[in-house]
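Now for the letters of each chain:
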Amino acid sequence: MATTSIIRIRSPPPTGLIHHHHHHDVQILRSSSLSSSANQQQLILRRRRPIINSLSNPNSINHTQQLEDHPLVVQTSDHWRKNILPLAKSHRVYAIDLIGYGYSDKPDPCNFGANSFYTFETWGAQINDFSTHVIKDEAFFICNSIGGLVGLQASILQPQICKGLVLLNISLRMLHITKQPWFGRPFIKSFQSLLRNTVLGKYFFKTVATPEAVRNILCQCYHDTSQVTDELVEKILLPGLEPGAVDVFLDFICYSAGPLPEELLPLVKCPVLIGWGDKDPWEPIDLGRAYGNFDTVEEFVVLPNTGHCPQDEAPHLVNPLIESFVARHTTESAAV
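Residues numbered from 1 in each chain as written. Predicted model: local features only at pLDDT ≥ 70, side-chain atom pairs only at ≥ 80, totals over all residues. Heavy atoms only, no water.

(A) Geometry of the overall build of the protein. Within the protein, the regular secondary structure consists of 12 helices and 11 strands. Taken over 336 residues, the protein has a buried fraction of 54%. Counting every atom, the protein has about 14,500 Å² of accessible surface; 58% of that belongs to carbon and sulfur. (Helix = DSSP H or I, 4+ residues; strand = E, 2+ residues; numbered from the N terminus. Buried < 20%, exposed > 50% of the residue type's maximum accessible area, 1.4 Å probe, protein only. Areas by Shrake-Rupley, 256 points an atom, 1.4 Å probe, with all protein chains shown as cover.)

(B) Looking closely at the nonpolar core. Counting 39 residues, the largest nonpolar core has Trp123, Phe141, Leu152, Leu165, Leu167 and Val272 as its most contacted members. Those elements that provide at least two residues to this core are strand E7 (91–96), helix H2 (120–135), strand E8 (139–144), helix H3 (147–157), strand E9 (162–168), helix H8 (245–253) and strand E10 (272–277). Top contributing element to this core by residue count: H2, with six residues. Apart from residues no more than four positions distant in its own chain, Leu165 is found in contact with Phe141, Cys143, Gly151, Leu152, Ser155, Val268, Cys270, Pro271, Val272, Leu273 and Phe325. Within the second largest apolar cluster, 20 residues are counted, among which are Val93, Phe140, Leu273 and Ile322. (Core = buried A, V, L, I, M, F, W, Y, C linked by side-chain atoms within 4.5 Å. Contact = heavy atoms within 4.5 Å.)

(C) Main features of the state of the cysteines. The full count for this structure, using the stated rule, is zero disulfides. Cys219 takes part in no disulfide bond, and the closest cysteine sulfur to it belongs to Cys221, at a distance of 8.5 Å. In this model Cys270 remains outside any disulfide bridge; the closest cysteine sulfur is found in Cys162, 3.8 Å from its own. Cys270 sits in the buried class, given a relative accessible area of 9%. (Disulfide = S-S within 2.5 Å.)

(D) Inspection of the environment of Asp312 at higher detail. Position of Asp312 relative to the elements: it lies in helix H11 (residues 310–313). Spatially, the C-alpha atoms of Asp312 and His79 are 6.5 Å apart, while their sequence positions differ by 233 residues. The contact partners of Asp312, leaving out residues within four places of it in the chain, are His79, Arg81, Lys82, Tyr222, Gln227 and Leu232.

(E) Focus on the packing of aromatic side chains. The full count for this structure, using the stated rule, is 15 aromatic pairs. Their ring planes at 45° and their centres at 6.3 Å tell us that Trp276 and Tyr291 sit as a pair that is tilted. Highlighted residues: Trp276 in strand E10 and Tyr291 in the loop between helix H10 (285–288) and strand E11 (297–303), separated in sequence by 15 residues. Comparing Trp276 with Tyr291, the two get one shared label, buried. Put simply, the rings of Tyr101, Phe112, Phe117, Tyr118, Phe120, Trp123 and Phe252 pair up and form one aromatic cluster. (Phe/Tyr/Trp six-rings, centres within 6.5 Å; stacked < 30°, edge-to-face > 60°.)

Printed below as a string of structure tokens:
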């Protein structure tokens, strides 16, 4: 039987301790002690039936398995909770926490140098390592926001792994150094240094790492604010309270270099589908439409009355979109 994996992206094969318990028909596995060729990384993976959540144990990885159908990989497990089980009815679904995020390990960026570890190259290599050592198969990468850059980077680094990309409201990276006015660049660089190297940064993080602040931020980027529930606020906030999260946060918001979507899209060898919530205040659809003109992008789909996180706000629109894209390219592959 042909297999298809869907990867939603939040790290590599587990060795060591595995603890498990059952809750109804869902098996939750927790594992620790993990190594990767792309530095030490931890990830969350979710497949069909057993669903795995990652802990903050050193170098740990969590994953769930369903041994049939097509592998799909998605990013940030909790933010895809409305998609994992529906997609898992016919696919193996892996939800991965990128190193530094969710409940993955959070190595101190100061040990590597500013903006030298938490990069799209690191995360792209992490996804490919995971696909190689855990999935052991080709996979579709399903990504949202900044995760879209990670999916693109992974598919370029090892094009034989990625069967297709679904990019939802991919980050335009408007704070990238090349998109800043020349006269403002020295001031922005100085401000970033101030955040990273003084107590101001930790104070700033403390002000945003509260339920009230997280709720306010989510209400900005969700068009349907009724979807901003206490459960969602908790799932977004709690990983940010993990040890080391503040240092990763400050390192990444000071990351103004690296690739842009418009630089990566021409290099991709697999089919790409872009979906865009038309009410996204952070990544305006009028700018995003330009990505639909790249030869590698086979379709640009407008998701009406939806904000920056359509997979959570409008799963009734996103899940069928993913299903049809995967089915189309699985059928095409089988016919070749």
